[in-house]
Amino acid sequence: MEQRHVEEIRTMISRGRILTDESDRYSYSFDGSFGTYLPDVVVQTKDVQELAALVKYANRELIPICPRGQSTSLSGGPLPVKGGIVIDLSVMNDVLEIDEEDLVAVVSPGVLTADIHKAADRKGFLYPPDPSSSHVSTIGGNLAENSGGPRGLKYGVTKDYVIGLELITPQGEIIRTGGRTVKNVTGYDLTKLIVGSEGTLGIITKAVLRLIPKPPAAKTVMAIFDSLVDAGRAISKVLSSGILPSKMELMDQASMLAVENYEPSGLPIDAEAMILIELDGHPAAVSDEAEQVSKVCSEVGAREVRVPETKAEMEEVWQARKLVSPAIARIKPTKISEDATVPRSQIPEMCRRLQEIKKKYNVHLVVFGHAGDGNLHPNIVADKSDKEEMGRVEQAVAEIFKAAVELGGTLSGEHGIGTMKAPFMEMELGAAGLEMMKRIKQAWDPNNIMNPGKIFPEPGQKLVLTE
Ligand SMILES: Cc1cc2nc3c(=O)[nH]c(=O)nc-3n(C[C@H](O)[C@H](O)[C@H](O)COP(=O)(O)OP(=O)(O)OC[C@H]3O[C@@H](n4cnc5c(N)ncnc54)[C@H](O)[C@@H]3O)c2cc1C
């Protein structure tokens, strides 16, 4: 990017900030995945009109634009891999309105998801999508990644709750898709196309989110297993028993050990796996379902089933699950967090394959996650300065993707493709399927300025976890 571009941008952004110092730009060069890429300029503004004019200019001058929330992406989504302008949307956080009559929340993209949860809760509503990063990630990032979380099992993911968007297109036009109505079949569903498009089709500047009434009661069941594969079978069995839990999370032995070493809470570390099941709804129904679920788990081979009685006990159990990610990050400095997802019937077979991959490549593989919807989170912890180890990790990760696709699953259930999974896109979609996606991108963004280098593989691109 030339100096004249920077000067021009300075004249365009009168109500925000332009960051050009190397130390500032460095802060915008990484996310939660791999690689560092320095942007030429970082722009912060709350003014949508100013931003639209900037995008129009960038499109004319062929300057890459990378929208960015809080950069917690685990797939490389906000990385400025081609340089250019990073737009820091975390500053655009001033609108968070709950409309009790329309049952919607209207939000700016920089609002933290946890703040939407709190605002909805105060009025007796629930915004169900609950990525574990909700305290640190923005709704704009969640929308662009179509983020999910434990509640996805019963309530679905971000796309299921977005009914309207405001977007700056790659040409710098401001458009609105959908609206405030629950039903809307006017033309193509651009809202759903933009959700999950990872910042490659435009910049989201406002969203209308659907809310639901808050379920009045919840209960948690903890089932402890001596075999990970049995735990996988229990998950399938509960799901086919006619009960739909709100959450169903798996922790394997390695993840329980990591949590106990990090913040002890009495987890059964001699067991091979534990599943945590949350049931929500009417109090009477919840109690009945907790009993039935406990019975199913015992029948499938759980060595112990516990039902925490008090709210505090329940919160402690879920806190242990929340701590898995930070706890395993302390084992070794490099954490590769995958989200390959399989059909529910294939959960036991995926658990078996993961064990095989762990042994074959001798990697420190930890399995935990949203098991109820097939979205296991195989995480590998390693040391990126050890080239030999990272070589084995790269092979193990590639094999995890292959196993998921072979079992009828997908590369990503919620973290997105970004740069990390782009090399594997054709394996899942086939050449023709990938080509159709490329054509959509080309129609929206013929100059390829909007978050270039994401989703679509560059010729010969391979997974590289070393820098
Ligand atoms: C500890 C931890 C736990 C996590 N748990 C989960 C989980 O349970 N479920 C889950 O789904 N993910 C999870 N994630 C991943 C991550 O938090 C999500 O992908 C999140 O949605 C990213 O939000 P962000 O604000 O950090 O966005 P960023 O990382 O900054 O950006 C993510 C993508 O969104 C695009 N983008 C951001 N804002 C906009 C906008 N306004 N308009 C257009 N494009 C935009 C960026 O270009 C990029 O492609 C976790 C991450 C961490 C570190």
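Residues numbered from 1 in each chain as written. Predicted model: local features only at pLDDT ≥ 70, side-chain atom pairs only at ≥ 80, totals over all residues. Heavy atoms only, no water.

1. So, the overall build of the protein
Note the cut-off: Counting from the N terminus, the helices are DSSP H or I runs at least four residues long and the strands are E runs at least two residues long. Throughout, radius of gyration means the C-alpha value; the globule benchmark is 2.2 Å times the number of residues raised to the power 0.38. Exposure is judged per residue with a 1.4 Å probe applied to protein chains only, and the accessible area is read against the type maximum: over 50% gives exposed, under 20% gives buried, and values in between give partly exposed. Only heavy atoms enter the contact rule, under which two residues are in contact if any of them lie within 4.5 Å. Each accessible area is a Shrake-Rupley result for a 1.4 Å probe, and residues are judged covered by the shown protein chains and nothing else. Charge assignment: positive for Lys and Arg, negative for Asp and Glu; neither His nor the chain ends contribute. For the purpose of locating charges, the reference atoms are NZ of Lys, CZ of Arg, CG of Asp and CD of Glu.
Counting its regular elements, the protein contains 15 helices and 18 strands. Relative to the compact-globule value of 23 Å for 467 residues, the protein shows a C-alpha radius of gyration of 22 Å, a close match. Considered along the principal axes of its C-alpha atoms, the protein spans approximately 70 × 60 × 40 Å. Within the protein, the proportion of its 467 residues that are buried is 56%. For the protein, the share of sequence-separated contacts (at least 6 apart) that also reach a separation of at least 24 residues comes to 73%. When the accessible surface of the protein is summed, it comes to about 19500 Å², and 50% of that surface belongs to carbon and sulfur atoms. For the protein, the distance from the average position of its 52 positive side-chain charges to the average position of its 65 negative side-chain charges is 2 Å.

2. Points about the sheet that holds strand S3 (residues 65-68)
To keep it simple, the criterion reads: Pairing between strands is defined by DSSP: at least two bridges between the two strands are required. Note on method: axes are straight lines fitted to C-alpha atoms, helices fitted across the in-contact stretch only, with angles between N-to-C directions ranging 0 to 180 degrees.
Within the open sheet, the 4 strands sit side by side as S1-S2-S4-S3. Their pairing is mixed. In this open sheet, the two strands that pair with only one neighbour each are strand S1 (17-19) and S3. Pairs of neighbouring strands in the sheet enclose a mean axial angle of 25°, with direction left out of account. Bridge analysis of S3 against strand S4 (residues 85-88) gives 4 bridges, and the strand direction is parallel. The partner of Cys66 across the bridge, within S4, is Val86. The sheet contacts of helix H3 (residues 48-61) involve strand S2 (41-44), S3 and S4, and relative to S4 the element is tilted by about 165°.

3. Some points on the nonpolar core
Quick note on the threshold: Throughout this description, the term nonpolar core refers to a set of buried Ala, Val, Leu, Ile, Met, Phe, Trp, Tyr and Cys residues connected via side-chain atoms within 4.5 Å.
Counting 62 residues, the largest nonpolar core has Leu250, Ile275, Cys297, Met350, Ile380, Val393 and Leu465 as the members making the most contacts within it. With 9 residues, helix H14 (residues 387-406) is the largest single contributor of residues to this core. Excluding residues within four positions of it along the chain, Ile380 makes contact with Thr334, Lys335, Ile336, Val363, His364, Leu365, Val393, Ala396, Val397 and Ile400. Judged by nonpolar contacts, the second largest core, of 26 residues, contains Val107, Ile116, Ala120 and Leu143.

4. Some points on a nonpolar patch on the surface
The criterion, for reference: Residues form patches when they are more than 30% accessible in relative terms and have no salt bridge. Like charges link within 9 Å. Nonpolar side chains (Val, Leu, Ile, Met, Phe, Trp, Tyr) link within 5 Å. The term salt bridge refers to a pairing of a side-chain nitrogen on Lys or Arg with a carboxyl oxygen on Asp or Glu at a separation within 4 Å.
Together, Tyr26, Phe30 and Leu38 give the surface a local cluster of nonpolar side chains, amounting to about 270 Å² of exposed area. For Leu38, the location among the structural elements is in the loop between helix H2 (22-27) and S2.

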